Structures are given as C-alpha cells and as structure tokens.
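These are the residues of each chain, in order.
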Amino acid sequence: MKLTIQNPPIKAASLILMAMLLVFALPNQSSFAQTESGEIHQEVDEMPMPSDGIDGWNDYLAKNMKYPKAARKANVEGRVLISFVVQTTGEISNAEIVSGIGGGCDEEVLRLVKESPKWKPGKKDGQVVNTQMMLPVNFRL
C-alpha cells in the first residue's frame, strides 16, 4: 500500500533534517564489527557506507520514506534508533529497533533499512568485516 503525503514541503523539511543528520553523523558513527573469529571490535578502520554514497542514501530516503498515516494523525514526532549489521557482502541483516516512537514510524524505518540497496562493507585491518551499525532517523511534522 502506498501512502501519499498531502503536504510535500513538510516531507521535504523532514528529509532535509535526516539528510543533514546522515551527512554529519554517519561518517563519525562508532561501530562494532565481528570477525570470523567471533571477536567484536568497537571501531573499524573504514565504516560501511551506502553503495551510492550519502547522496544516494538521501535520494533513497526521499523517494521511499512515507510518514505513517497513524503517526501524522496523532502528531507523533521524534527519533527512531535502528541497529543493523552490514554483512561482508553488503547485505543488511539483524535490523531491529533500539528506541522507537510508535505510530508506525518504527516499522517504516525497519522497512527502509531492510529494503535498502547494498552497502559497501566496513573494513578492519584491511579485511572486510560484518559491521554493527546504529542509525538515528528523525520524524518531524
């Protein structure tokens, strides 16, 4: 089911805020990476990135994010924090909401991350590793 947003300027403002957050927060994000030996690293040398870069990720969000009708009706705003793993193949797995706001926003973030294009995997000591990511997504009316 596809929802349409009746007030595009509000959607654009929300997406601009998210884009700014991603541009400034994603490259500095601390992460945990699990190697084949099971060791967990608090940081990787190269963070995973969306395959089309930050601009491509922002385009993906702009084209695919839908403010849930229930959240809009109830004036739900806030930040959803999602955790997921970028596999060595660039696939996303283990997506789960760490902190949600309800109203369908949590499910929308899960959908966006699970359906996102492949990512460039993270690297530790020159080796591609599975990397745990934490990503905030803001919803503003």
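Before any of the text, the structure's been laid out above.
Residues numbered from 1 in each chain as written. Predicted model: local features only at pLDDT ≥ 70, side-chain atom pairs only at ≥ 80, totals over all residues. Heavy atoms only, no water.

**Details of the overall build of the protein**
1) Next: When helices and strands are counted, the protein shows four helices and eight strands.
2) Next: Starting at the N terminus and walking to the C terminus, you meet the elements of the protein as α-β-β-β-α-α-β-β-α-β-β-β.
3) Next: Classification of the 141 residues of the protein by burial places 40% in the buried group.
4) Next: Pairs at least 24 apart in sequence give 73% of the contacts found in the protein among residues at least 6 apart.
5) Next: Counting every atom, the protein has about 8000 Å² of accessible surface; 51% of that belongs to carbon and sulfur. (Helix = DSSP H or I, 4+ residues; strand = E, 2+ residues; numbered from the N terminus. Buried < 20%, exposed > 50% of the residue type's maximum accessible area, 1.4 Å probe, protein only. Contact = heavy atoms within 4.5 Å. Areas by Shrake-Rupley, 256 points an atom, 1.4 Å probe, with all protein chains shown as cover.)

**Remarks on the packing of helix H2 (residues 53-64) against helix H4 (residues 105-114)**
1) Next: Here H2 crosses H4 at 130 degrees, and the two axes come no closer than 11 Å. In terms of orientation, H2 and H4 fall into the oblique class. Every pair of crossing elements has a handedness; the one defined by H2 and H4 is right-handed. Contact residues: Tyr 60, Leu 61 and Asn 64 in H2; Glu 108, Arg 111 and Leu 112 in H4. (Axes fitted to C-alpha atoms, helices over the stretch in contact; angles between N-to-C directions. Parallel < 35°, antiparallel > 145°, perpendicular 65-115°, else oblique. Left-handed = near helix turned anticlockwise from the far one by under 90°.)

**Here we look at the pattern of salt bridges**
1) Next: Within this structure, the stated rule accounts for three salt bridges.
2) Next: A salt bridge links Glu 91 to Lys 118; the nearest nitrogen and oxygen atoms lie 3.4 Å apart. Taken together, the residues Glu 91 in the loop between strand S4 (78-86) and strand S5 (92-99) and Lys 118 in the loop between H4 and strand S6 (119-120) connect sequence positions 27 residues apart.
3) Next: We classify Lys 118 as partly exposed; its relative accessible area is 44%.
4) Next: Arg 111 is paired through a salt bridge with Glu 115; the nearest N and O atoms lie 3.0 Å apart.
5) Next: Through salt bridges with shared partners, a single ionic network connects Glu 108, Arg 111 and Glu 115. (Salt bridge = Lys/Arg side-chain N within 4 Å of Asp/Glu carboxyl O.)

**Section: the pairing of S5**
1) Next: Looking at chain direction, S4 and S5 are connected through five bridges and run antiparallel. Residue pairing in the sheet places Val 85 in a bridge with Ser 93 of S5.
2) Next: Adjacent in sequence and paired antiparallel, S4 and S5 are bridged by five residues, among which Gly 90 carries a positive phi angle near 95 degrees. (Pairing = 2+ DSSP bridges.)

**What to know about a negative patch on the surface**
1) Next: A cluster of acidic residues, Glu 43, Asp 45, Glu 46 and Asp 125, forms a negative patch on the protein surface.
2) Next: When you line up the elements, Asp 45 lands in the loop between strand S2 (40-41) and strand S3 (49-50). (Patch = residues over 30% accessible without salt bridge, like charges linked within 9 Å, V, L, I, M, F, W, Y side chains within 5 Å. Lys, Arg positive; Asp, Glu negative; His and termini not counted. Charge placed at Lys NZ, Arg CZ, Asp CG, Glu CD.)

**Side note on empty space enclosed by the protein**
1) Next: Within this structure, the stated rule accounts for two cavities of 30 Å³ or more.
2) Next: Put simply, the second largest cavity is a space of about 30 Å³.
3) Next: Trp 57, Leu 61, Val 109, Leu 112, Val 113, Leu 135 and Val 137 are the residues that line the second largest cavity.
4) Next: Listed by contribution, the elements that provide at least two residues to the lining of the second largest cavity are H2, H4 and strand S8 (127-139).
5) Next: Considering every element that reaches the lining of the second largest cavity, the biggest residue donor is H4, with three residues.
6) Next: Here the residues of the lining of the second largest cavity sort into seven nonpolar, no polar and no charged. (1 Å grid on protein atoms, 1.4 Å probe; cavity = no way out; pocket = protein on both sides within 12 Å on 5 of 7 lines; lining within 4 Å. Points joined across faces, edges and corners; volume = space filled by probe spheres on them. Nonpolar A, V, L, I, M, F, W, Y, C, P; charged D, E, K, R; others polar.)

Remember that the coordinates give geometry; whether it matters functionally is a separate question.
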